[in-house]
Amino acid sequence: MVPPEIWLKIFHFATDAPGLLDCSASQSDLPPALAREQELKLLKDSLITKRSLVLVCKAWGELATEFLYQSVLITRVQALFSLHEALQGRPWAAGMSRTNSGWWTRRLDVVIEHDQYETVDYEVLADVIRCFSNLSIVTLSISILPFNDYWLRQLPMEIIVSLVEACGPSLRVFDCAESLLRPCREDLMLLLAGSPNLRVLRCPICSPTPGDRSPGSRLDVPVMANLESISLMSVFLRDYLPREKNKTHLPALRQLTYGCISPPFFACAWKRFIKSSCSAVTCVTLDFSFQGDSLQRELDLLSECCPALDKLVIYFRSWTEFTPHLALPPVSQLRIYSKLEKAPALHYCSLLRALTTLTASKLGSVRLLHASAVEEFRHCLSSAPQNELDRLVSKAFCVEDHEGRAILLRGKYVG
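These figures come from a predicted structure and were not determined experimentally. (Residues numbered from 1 in each chain as written. Predicted model: local features only at pLDDT ≥ 70, side-chain atom pairs only at ≥ 80, totals over all residues. Heavy atoms only, no water.)

Inspection of the secondary structure puts Val 393 in helix H12 (residues 386-393). Assessed through its relative accessible area of 13%, Val 393 is described here as buried. With 37 residues separating them along the chain, Val 393 and Thr 356 place their C-alpha atoms 8.6 Å apart. (Helix = DSSP H or I, 4+ residues; strand = E, 2+ residues; numbered from the N terminus. Buried < 20%, exposed > 50% of the residue type's maximum accessible area, 1.4 Å probe, protein only.)

Here we come to the packing of aromatic side chains. Counted according to the given criterion, the structure contains five aromatic pairs. The interplanar angle of 50 degrees and the centroid separation of 6.2 Å between the aromatic rings of Phe 316 and Trp 319 together place this pair among those described as tilted. With respect to burial, Phe 316 and Trp 319 carry one shared label: buried. Grouping aromatic residues by their ring pairs yields a cluster made of Phe 316, Trp 319 and Phe 322. Sitting over the ring of Trp 103, Arg 106 keeps its end group 5.3 Å from the ring centre. (Phe/Tyr/Trp six-rings, centres within 6.5 Å; stacked < 30°, edge-to-face > 60°. Lys NZ or Arg CZ within 6 Å of the ring centre and 35° of its normal.)

Trans peptide bonds make up most of the peptide bonds, and negative phi angles are found at most residues other than glycine. One non-glycine residue, His 325, lies in positive phi territory at about 65 degrees. Judged by relative accessible area, His 325 falls into the exposed class, the value being 56%. Phi is positive for Lys 342, close to 55 degrees, though the residue is something other than glycine. Tracing the sequence through the fold places Lys 342 in the loop between strand E10 (333-338) and helix H10 (345-356).

Most of strand E8 (residues 283-288) is tucked away: five of the six residues are buried. Note: strand E7 (residues 255-260) against E8, six bridges, orientation parallel. Paired with Gly 259 across the two strands is Asp 287, which belongs to E8. Sheet topology places E8 next to strand E9 (residues 311-316); five bridges connect them, and they run parallel. Its bridge partner lying in E9, Asp 287 is registered against Tyr 315. (Pairing = 2+ DSSP bridges.)

Quick look at helix H7 (residues 185-193) now. Across the nine residues of H7, seven count as buried, placing the element largely inside the fold. Taken together, the buried positions of H7 are occupied by Arg 185, Glu 186, Asp 187, Leu 188, Met 189, Leu 191 and Leu 192. Residues of H7 that are buried sit in contact with helix H6 (157-167), strand E4 (173-175) and strand E5 (200-202). (Contact = heavy atoms within 4.5 Å.)

Looking now at the pairing of strand E6 (residues 229-233). Burial runs high along E6: five of the five residues are buried. As paired elements, E5 and E6 share three bridges and run parallel to each other. Looking at E6, one finds that Val 200 is bridged to Ser 229. Pairing of E6 with E7 involves five bridges; the strand directions are parallel. Bridge assignment links Ser 231 to a residue of E7, and that residue is Thr 257.

Turning next to the packing of helix H2 (residues 32-54) against helix H3 (residues 58-68). Their axes nearest at 8 Å, the elements H2 and H3 cross at an angle of 160 degrees. Relative to H3, H2 is oriented roughly antiparallel. In this structure, the crossing between H2 and H3 has a hand that is left-handed. In this structure, H2 contributes Leu 47, Lys 50, Arg 51, Leu 53 and Val 54 to the contact, and H3 contributes Trp 60, Gly 61, Ala 64, Phe 67 and Leu 68. Grouping the amino acids of the contact of H2 with H3 by side-chain chemistry returns seven nonpolar, one polar and two charged. (Axes fitted to C-alpha atoms, helices over the stretch in contact; angles between N-to-C directions. Parallel < 35°, antiparallel > 145°, perpendicular 65-115°, else oblique. Left-handed = near helix turned anticlockwise from the far one by under 90°. Nonpolar A, V, L, I, M, F, W, Y, C, P; charged D, E, K, R; others polar.)

Now for the state of the cysteines. Disulfide: a covalent bond formed between the sulfur atoms of two cysteine residues. In the structure shown here, the tally under the stated rule is zero disulfides. Looking at Cys 380, it has no disulfide partner, and the nearest cysteine sulfur is the one in Cys 349, 4.3 Å off. (Disulfide = S-S within 2.5 Å.)

Have a look at this one:
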């Protein structure tokens, strides 16, 4: 007979998906939607293995239950009700104990894209969350709004309350960046105040707070002593500014993702946030949607206020917005991505021109983040004038493909 401890180790190696239970601030350099797509594939593949293990026999079913419930993925409303019934049907000891399957759950992903959501479904989701006393990661991505509430985009307050009451102390990651349904600003402040150990917050857009509230009556932003990574949006940035202008409420912040969309663009608020909260930030991701000539002002602000900055990631609408003669902050890593698929050859000539005229005192590498761009850029290099190639290979940095392999090294073109 194989001891249960050995089986548990075997099940762990069979079902482990690297990174899915990682609560650190590190994240993919890809745009959130693409990174989320890759993450969902890992989740689904892992769940297939877990469900297969549970169904082998009764003994395996009992041993593998903790792995089955470790990460919970809900993609249909009916699956939510089935999960609710399963959790309620399990033995339940006084208080939270290991006899409740939800005790094992560390990650919850609610990704509902096609099913219609009804108001009653929120109550079921809140009940499910109350069974998860050790949740560390919560990701919400609900693309379909409730049938009776199409005009609303607010995540019901009972969801926030259930998170705070059931797993506030254990919560490390809260992500609703890809969801149409999201908390209002006041409810989000309640969640932050009730989750003192939160490390990663991706809620760049809040729903409007019901009722008319003057700025003075709104809840203040709590001090988040452990928050290392945050995603913000320019037009909603004021939601995250504390009343005291010089107050530092993000002392542990190391990673900032910032979406620049227009109009309007609150330059003063952005400068205030950068100066008060980003002195120790090491990585900044800019989702840039302005004309290219305004990018230098953003880079200058980062140079001034982020002395620890080492990595810069920029998402452009197209390579034509990566303008020539830019001067970077003193970073060692630059990661770039263009949202325009199947860009014409002229755009890659613009990319080449931007790279050859780039000023970057400490830059060690420039990485193109998508495979199609790498192939097109290689094609551009193959037909580029020799003087352009010479200027690029003379730079102190190397150009890399999406997997970190060199396309251009200093003094050498890798064809």
